[in-house]
Amino acid sequence: MIRAEIIGTGSYIPEKTLTNKDLEKMVDTSDNWITKRTGIKERHIAAGDQASSDLAVEAAKKAIADAGIDKDEIDIIICATITPDMVFPATACQTQKKLEIKDVAAFDVEAACTGFLTALAIADSMIVSGNFNKVLVVASEVLSRITDWDDRQTCVLFGDGAGAAILSATDEDRGIMSSYLGADGNYDNILHLPAGGSKLPASQETVKEGLHYMKMEGRETFKIAVKKMAQSVRIALKKAGLTIDEIKMVIPHQANMRIIKALAKRLKIDIEKVFVNIQDYGNMSAATTAVGLDEALRGGNISEGDIIQLVAFGGGLTWGSITVKI
Ligand code: ACO
């Protein structure tokens, strides 16, 4: 039986930090409010000349080096992002160009914070089908470009970053064991970016009204996030024939420390079993779980033979969970 195993990971976080103290000077907020209500202490902001593909390339290079493969062994690139370099061509194609990998297929996945998991699930199916052998999955976001820096309800939450993984076909007993993805388009109004698409193209009016920035109903999103993430973990575990006790670590999307704690409570697991780095980066949408996976591996939280659970939730609404044996 062919499985898709993760043979290398990497991440890239832009140098510039924006602390809660910095935000106090920009909007009516406080370090105390942000820390208590979200768990975030700082986030990173891409340099003016960095687009999503630039961050993606840095993360991808590290994942390729970690996997110990030649970049030309990669036969498809999937990029998860809601902040593409431009509407088209795909950021995956820009990443392919900058990595100088010739001719291989490349496309983007848009599933907001669930993007990395969605891309992993697609890569898994492509490998298991026997059509592809080595897949570069990269999640990259420059959310600072779609953040309204005058809106205290959203600007304190987001940051920029990228994470990548190389998936490879294996007949050994490791890799992706199960995946579950879900969505509900009826919730399009609680988490969205209204303008710049075919529904509401860019105009002086849309720019004046700030419709090119993310809008979010925080409370409503919070409630659904907790419920759907817990449900996703249970479904993926059932598909894998496992119980939560067999999971070494849960790596969840990092939108709010209170959501992470509520998830741990619903899953009846100790918070120590949940990977947390929200304090350093805030919410990096699709990049969050990719960076989390890389940091958990690099930091020794998880190692070969461990079974881990990735889980995410985001705009769409979308949600999902993936069980992986390292
Ligand atoms: N600083 C100070 N006060 C603030 C701030 C701020 N940055 N933001 C809001 N407040 C105020 C509000 O105005 C409100 O004041 P009021 O009581 O006088 O009206 C009060 O704080 C409470 O506001 P709430 O919105 O109820 O605060 P809540 O505890 O819900 O926290 C938050 C807000 C952090 C946004 C939370 O709801 C949350 O994390 N939601 C989920 C976010 C999420 O999961 N996003 C998913 C993915 S994002 C993606 O897909 C791109």
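Scroll up for the structure.
Since we're looking at a predicted model, the values are computed, not measured.

Participant: Go over helix H5 (residues 115-128) with me, naming the residues and quoting the values.
Facilitator: End to end, H5 covers 20 Å across 14 residues, agreeing with the expected 20 Å (1.5 Å per residue, within 8%). The buried fraction of H5 is high, at 11 of 14 residues. Every buried residue of H5 is listed here: Gly115, Phe116, Leu117, Thr118, Ala119, Leu120, Ala121, Ala123, Asp124, Met126 and Ile127. The first or second residue beyond H5 is Gly130, which carries a positive phi of 90 degrees.

Participant: Mind laying out the nonpolar core, listing which residues take part and the relevant values?
Facilitator: Judged by nonpolar contacts, the single largest core of 43 residues is most densely connected at Ile244, Ile247, Leu267, Ile269, Phe313 and Leu317. At the level of elements, helix H8 (218-240), helix H9 (257-267) and strand S12 (307-314) are the ones that each hand at least two residues to this core. The element that contributes the greatest number of residues to this core is H8, accounting for 9 residues. Sequence-distant contacts of Leu267, that is, excluding residues within four places in its chain, are made with Ala230, Val233 and Ile244. Counting 35 residues, the second-largest nonpolar core is a separate cluster that includes Ala119, Ala121, Ile302 and Ala312.

Participant: I'd like a description of the site of the ligand, backed by residues and values.
Facilitator: Neighbouring residues of the ligand: 26 residues in total, closest Thr29, Cys113, Arg219, Asn256 and Arg258. At 3.4 Å, a side-chain N or O of Trp33 approaches an oxygen atom of the ligand. Separating an oxygen atom of the ligand from a side-chain N or O atom of Arg258 is a distance of 2.8 Å. For the ligand, whose free accessible area comes to 1000 Å², the fraction covered by protein is 79%. Broken down by secondary-structure element, the contributors of at least two residues to the shell around the ligand are helix H2 (31-38), helix H6 (152-155), H8 and H9. It is H8 that provides the largest number of residues to the shell around the ligand, a total of 4 residues.

The rules behind these values
Residues numbered from 1 in each chain as written. Predicted model: local features only at pLDDT ≥ 70, side-chain atom pairs only at ≥ 80, totals over all residues. Heavy atoms only, no water. Helix = DSSP H or I, 4+ residues; strand = E, 2+ residues; numbered from the N terminus. Expected span 1.5 Å × (residues − 1). Buried < 20%, exposed > 50% of the residue type's maximum accessible area, 1.4 Å probe, protein only. Core = buried A, V, L, I, M, F, W, Y, C linked by side-chain atoms within 4.5 Å. Contact = heavy atoms within 4.5 Å. Near = heavy atom within 4 Å. Polar contact = N/O pair within 3.5 Å; in protein donor to acceptor, adjacent residues only side chain to side chain. Areas by Shrake-Rupley, 256 points an atom, 1.4 Å probe, with all protein chains shown as cover.

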